[in-house]
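# Reading the structure
Below are the chains, spelled out letter by letter.
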Amino acid sequence: MSETHPQGAPWRNFYGRRHGKQLNAAQKRYLEEDLPGLAPGPVSHEENPERRKLDLAARFGDRPLWLEIGFGGGEHLVHQAQAHPEVGFIGCEPFINGVAMLLGKLRRARPGNVAVHAGDARDLFDVLPDGSVAKCFLLYPDPWPKARHHRRRFVTPEHLEPLHRVMAPGAELRIATDIPDYVRQTLEEVPRAGFAWQAERAADWREPWDDWISTRYERKALREGRRPHYLTFRRV
Ligand SMILES: C[S@@+](CC[C@H](N)C(=O)[O-])C[C@H]1O[C@@H](n2cnc3c(N)ncnc32)[C@H](O)[C@@H]1O
């Protein structure tokens with residue numbers, strides 16, 4: 001079993017980066033020592049791999065589950081987990097350097113309500129029980145600017161349909177992006193997948209959420225003069 005392709009999981013194309021520059025000694029240690037204990041498991045022992053699901057009660061008791069997809073360096077995830085000790089948090093990120101950065105922050109902040117899936121969100125959707133996610137954050141997903149790459153974007157049925165299945169009715173989905181064409185695709189595809197856009201006035205998408213903390217990617221976008229959009233949906 002590999003860290004990125006769990007045994008029995010369907011084969012999937014992944015176009016992003018899994019590794020960046022060489023990890024330092026401390027980061028390697030965090031991955032070795034901390035990551036195994038932060039796994040979102042255990043998974044139930046069903047014969048049929050498609051029926052194997054995470055036992056969330058064993059991990060988080062009766063806390064509601066929040067999910068952050070592609071947490072990057074983890075600053076938003078740690079901020080939310082500390083602000084909401086009453087929720088259980090799963091962070092999902094296939095870029096191992098980002099995972100190592102999150103683990104460094106978790107060592108310092110020690111929130112105690114965070115689990116980490118160091119891999120693709122689609123593999124996590126396979127094992128999340130239906131309707132189990134009470135809130136989901138998708139913050140600055142990879143923009144894939146070239147038209148021929150738009151189908152690699154996260155806001156496509158391949159990702160949105162299983163996300164819809166694992167989210168609870170009425171659960172909130174927050175999407176931030178600085179790319180106007182990503183806004184277009186999001187507003188086309190996400191409602192089609194069964195989520196209702198909540199904006200009533202321009203301020204609702206121009207201004208960040210009340211409990212927002214700017215991410216690394218957002219700070220770069222702002223430095224480079226791009227405008228953030230904050231899109232809030234509810235799972236219908
Ligand atoms: C542009 S970065 C933004 C990172 C962070 N959210 C921020 O705002 O700084 C997008 C992140 O999504 C991650 N990502 C891409 N595809 C993913 C997938 N299928 N599942 C989970 N994360 C994914 C990438 O590895 C990358 O770290």
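Residues numbered from 1 in each chain as written. Predicted model: local features only at pLDDT ≥ 70, side-chain atom pairs only at ≥ 80, totals over all residues. Heavy atoms only, no water.

On the secondary structure map, Asn 113 appears in the loop between helix 4 (96–109) and strand 3 (114–117). Under the relative-accessibility criterion, Asn 113 is labelled buried at 1%. Reaching out from Asn 113, the side chain makes a polar contact with the backbone oxygen of Ala 81 at a distance of 3.1 Å. At 3.1 Å, the side chain of Asn 113 forms a polar contact with the backbone oxygen of His 84. Leaving out residues up to four positions away in the same chain, Asn 113 has contacts with Phe 60, Arg 63, Ala 81, His 84, Pro 85, Val 87, Gly 88 and Phe 89. (Helix = DSSP H or I, 4+ residues; strand = E, 2+ residues; numbered from the N terminus. Buried < 20%, exposed > 50% of the residue type's maximum accessible area, 1.4 Å probe, protein only. Polar contact = N/O pair within 3.5 Å; in protein donor to acceptor, adjacent residues only side chain to side chain. Contact = heavy atoms within 4.5 Å.)

The next point concerns the environment of Ala 26. With respect to the helices, strands and loops of the structure, Ala 26 is situated in helix 1 (residues 25–34). Judged by relative accessible area, Ala 26 falls into the partly exposed class, the value being 24%. Sequence spacing of Ala 26 and Gly 104 is 78 residues, and the spatial spacing of their C-alpha atoms is 8.3 Å.

For the bond running from Gly 41 to Pro 42, omega is 0°, close enough to zero to count as cis. Looking at the element boundaries, Pro 42 is found in the loop between helix 1 and helix 2 (56–60). Within the chain, Arg 110 stands out as a residue other than glycine whose phi angle is a positive 45°. Position of Arg 110 among the secondary structure elements: in the loop between helix 4 and strand 3. A positive phi is found at Tyr 140, a non-glycine position, where the angle reads about 55°. Relative to the helices and strands, Tyr 140 resides in the loop between strand 4 (133–139) and helix 6 (157–166). Of the residues examined, Tyr 140 reaches a relative accessible area of 6% and is grouped as buried.

Around the ligand lies a shell of 17 residues, among which Gly 70, Glu 93, Ala 121, Leu 139 and Thr 215 are the nearest. The side chain of Thr 215 places a nitrogen or oxygen atom 2.7 Å from an oxygen atom of the ligand. The separation between an oxygen atom of the ligand and a polar main-chain atom of Tyr 217 is 3.0 Å. Looking at the shell around the ligand residue by residue, the classes come out as ten nonpolar, three polar and four charged. (Near = heavy atom within 4 Å. Nonpolar A, V, L, I, M, F, W, Y, C, P; charged D, E, K, R; others polar.)

It is worth spelling out the packing of aromatic side chains at this point. The full count for this structure, using the stated rule, is nine aromatic pairs. Ring geometry for Trp 212 and Tyr 230: centres 5.7 Å apart, planes at 70°, overall edge-to-face. Residue Trp 212 is located in the loop between helix 8 (203–206) and helix 9 (216–223), and its partner Tyr 230 is located in strand 7 (residues 229–235); the two are separated by 18 residues in the primary sequence. Here Trp 212 falls in the buried class, since its relative accessible area comes to 14%. On the basis of relative accessibility, which here comes to 4%, the residue Tyr 230 falls in the buried class. A network of ring pairs unites the aromatic residues Trp 66, Phe 89 and Phe 137 as a single cluster. A cation sits over an aromatic face here: Arg 59 above Phe 60, 5.4 Å from the ring centre. Lys 135 extends its terminal NZ or CZ atom over the ring of Trp 66, reaching a point 4.4 Å from the ring centre. (Phe/Tyr/Trp six-rings, centres within 6.5 Å; stacked < 30°, edge-to-face > 60°. Lys NZ or Arg CZ within 6 Å of the ring centre and 35° of its normal.)

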